[in-house]
Amino acid sequence: MDVSVEKKLHDLWKLQQIDSKIDNIKAVMGELPMEVADLEDDIAGLETRVQHIEEEVSSLNAEISNKKNAIKDFQAAISKYDEQLNLIKNNREFEAIDKEKEIAGLEILSAEKKIRDFGKLIESKAEILASTQQTLDKRKADLVFKRAELDEIIKENEEEILKLEKDREGASKKLDDRYFRAYHRIRENMKNGLAVAPIMRGSCGGCFSKIPSQRQSEIRAHIKVTDCEHCGRILVDQTISGIAAKEEEKEVKTTRRKMRLTTK
Ligand SMILES: [Zn+2]
């Protein structure tokens, strides 16, 4: 029996248990953190869109009021031309002013047409604005609901998360770099997040493959850190895992159920 190997196995198992607890809390949170982030992105995008449309509408309204002012000016000019035309005797002068009056009339027609066009544009923008605003309101309501749900879960588990994170830091420091990296490399590849698995009724507690009895004896002897030939998880025996024979069966069932849930 190698004391340093035994210590390594204990440290690895300890870290695994902490990570599994953190995984369980994250599983309860599920997709919520991502859904909240997505909603926040959506809302920011929609708010920018609403703002742009409102700016467009207000600049169209400004254009309309410019055109209305221009029409007033042209109308005033026409009245002035009319007064002048009444006084003029000279034919050539008359024609010149009459031409000016005609141009002012055409300008008014063109400005009125522009006002109608801008009005139609505003109408269509108002429709887009209403439907965008509706979507925005719906997303905001969703966010309030989801965020409350997430906050509640975080609040419920806050103390435990903080404690687990602290424990995790401590447990990580105990492991040397090589095992710490190996642990994470294995864990990343496992759907159930188990890098260290207990032997359960002669099988790997991670993948449930039978472990040859020779290998089981080696694992029990704590001669070296041994992995499962099938899945590559680090295997620990009962003296490390502390899972009594009676509990093993229960643990197998729970793990199997979790595996089914996570692989769905
Ligand atoms: Zn295995």
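## Comments concerning the coordination of the zinc ion
Surrounding the zinc ion are the protein donor atoms Cys204 (SG), Cys207 (SG), Cys228 (SG) and Cys231 (SG), which sit 2.2 to 2.3 Å from the metal. Here the zinc ion binds four donor atoms, and the angle range of 106 to 114° at the metal identifies the geometry as tetrahedral.

## Focus: the domain arrangement of the protein
Domains assigned within the protein are domain 1 (3–28 + 176–263) and domain 2 (32–172). Counting residues at the interface gives ten residues for domain 1, matched by nine residues for domain 2. Between domain 1 and domain 2 lies a buried interface of about 890 Å² when both sides are counted; carbon and sulfur atoms form 76% of it. Counting every contact that joins domain 1 to domain 2 gives one salt bridge. Put simply, Arg168 and Asp19 hold a salt bridge, and the shortest N to O gap is 2.5 Å. Inspection of the region where domain 1 meets domain 2 yields two residue pairs in polar contact (both at pLDDT 80 or more). Elements with a minimum of two residues in the side of domain 1 that touches domain 2: α1 (3–29) and α4 (177–189). Considering each element in turn, the side of domain 1 that touches domain 2 owes the most residues, eight residues, to α1.

## Considering the side chain of Asp11
Relative to the helices and strands, Asp11 resides in helix α1. Ignoring any residue separated from it by four or fewer positions in sequence, one finds Asp11 in contact with Lys174 and Leu175.

Rules of the game
Residues numbered from 1 in each chain as written. Predicted model: local features only at pLDDT ≥ 70, side-chain atom pairs only at ≥ 80, totals over all residues. Heavy atoms only, no water. Donors = N, O, S within 2.8 Å, 3.2 Å for Na, K, Ca; no water. Tetrahedral: all angles 85-135°; square planar, octahedral: opposite > 155°, others 65-115°. Domains from an automatic or database assignment. Contact = heavy atoms within 4.5 Å. Buried area = accessible area lost by both parts, 1.4 Å probe. Salt bridge = Lys/Arg side-chain N within 4 Å of Asp/Glu carboxyl O. Polar contact = N/O pair within 3.5 Å; in protein donor to acceptor, adjacent residues only side chain to side chain. Helix = DSSP H or I, 4+ residues; strand = E, 2+ residues; numbered from the N terminus.

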